[in-house]
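# Report on the structure
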Amino acid sequence: MKSAISAWSLWRAPRCAIVVILMVDLAAAGTAFSFPTSIQVSDLGTAALLGSLSIVYSRFTVGWERARRALRQEKLPTLYPNLLATWAFAAAALLPLTLAAAVITVAAIAEWPARNIAGQATPYRYVYSTAGAILAATAANSCMSLSLPYQLPLALAALGYMLVGVAAVALAMVSAGQYQGLSLLLKAETHKLEVLTIALAAAQVQLITLHIPLAWLSLPAAIVIQRWAVQSDLHVTDAAIRPMTEGAWLTVAREVVAACPVSAIMRIQTADPNAVSLVARMQVGCDAIGAIGKSGLAILLADCPGTNAESLAIRMRAALAQQSIPALVAVAAKPRDGQSSADLLAVSEAELIARGAAQRPSKTLRPEA
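Residues numbered from 1 in each chain as written. Predicted model: local features only at pLDDT ≥ 70, side-chain atom pairs only at ≥ 80, totals over all residues. Heavy atoms only, no water.

### Observations regarding the sheet that holds strand E4 (residues 328–334)
Basically, it comes down to this: Here, a strand pair is defined by DSSP locating no fewer than two bridges between the strands. Each helix corresponds to a stretch of at least 4 residues labelled H or I by DSSP, and each strand to a stretch of at least 2 residues labelled E; elements are numbered beginning at the N terminus. In this description, a line fitted to the C-alpha atoms serves as the axis of each element, helices being fitted only across the stretch in contact, and the angle between N-to-C directions of two axes falls anywhere from 0 to 180 degrees. Any pair of residues with heavy atoms lying within 4.5 Å of one another is described as a contacting pair.
With antiparallel pairing, 4 strands are arranged side by side in an open sheet as E2-E3-E1-E4. In the strand order of this sheet, the two ends are held by strand E2 (288–291) and E4, each with one partner. Pairwise comparison of adjacent strand axes, ignoring direction, gives a mean angle of 20° for this sheet. Pairing analysis gives 7 bridges linking strand E1 (residues 263–269) to strand E3 (residues 296–302), with the strands arranged antiparallel. Residue pairing in the sheet places Ser-263 in a bridge with Ala-302 of E3. Running at roughly 150° to E4, helix H13 (residues 341–359) makes contact with E1 and E4 of the sheet.

Laid out in structure tokens, this is it:
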């Protein structure tokens, strides 16, 4: 137990950050149970419905979300907006705060497998973000109790939820001295997915108000939004000139290949450093470039069928030859050559060996006198 506690990376954070994180966690726990609560039987049914929706959603989208987070891991500092608020905000708007906190906790537990990626799994940060969601739900719940006309309470609740959620993130960054990350909070791109999520959650509130089973209509909408979020992150090339480390690239490849029905890996064996910039300039659809071994590059091609990958390999060989860069190029694609990144790497490695052997001059023996 002692080694497990000492290994939890929270304790390696700055002391100020530890204090802030624990205070927010305790505040969320205390708030959830200190608000006056009058729970009706109908509230229990709504809570069970929202919790069930969050579990089903997470089961459907766990592979996509893992791929999205793996692709973004090299972009530091970074934020990971997600669809947890779909269930959290609806619960905050419709239920007593204690039940809303329970729904948020269930949704967070269901979503954890999507975050538990090698090199990224930081449980204390996830506990903190869940606590931040509970505090955001507290703000939204308080707004819903206001006596205002039309849908103003719901609009204020949405605004309050987002502001408190952003404030929790900013507080954590400041306490840890990560001031550079604060600039991300001012970018519209950071909050695009969150705004869509809150809009979906507000629509879900209206559907549940009309008839509880209508809430299931939000599930396909959330899955479509999640898929859109993955697609928007799959083809990021702004950091393509700087290859990932081998370990980071292998993590990305494993998650993306597992999540995409079709994908490919291109291998380039060369010792010439100019090959990296050539790959970046060609913009061949590379989602991530990694340095593999002492003299090799691996290019991940998400949503790329085998025929397209072969065409890209032909173009790459021609471009390398034109620049007089000695290199071997091989590709392997899912599902043609296997179902996992390990399969594709093995097939492409075998092709590299075969191409290398074919290019070596054959040795002939002189006939004996």
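Let us keep going from here.
### Points about the nonpolar core
Looking at soluble globular proteins, one finds that nonpolar side chains tend to be buried together. Which entries qualify depends on this criterion: What makes a nonpolar core is a set of buried Ala, Val, Leu, Ile, Met, Phe, Trp, Tyr and Cys residues whose side-chain atoms join them at distances within 4.5 Å. For every residue, the accessible area (1.4 Å probe, protein chains only) is compared with the maximum for its type, and the residue is labelled buried under 20%, exposed over 50%, or partly exposed between those bounds.
Formed by 56 residues in total, the largest nonpolar core has its most connected members in Leu-50, Trp-87, Phe-89 and Tyr-161. Listed by contribution, the elements that provide at least two residues to this core are helix H2 (15–34), helix H3 (41–71), helix H4 (85–94), helix H5 (97–115), helix H6 (123–144), helix H7 (152–175), helix H8 (188–210) and helix H9 (218–234). With 9 residues, H6 is the single largest residue contributor to this core. With 22 residues, the next largest nonpolar core counts Ile-268, Leu-278, Leu-297 and Cys-304 among its residues.

That is the geometry; function is a separate question.
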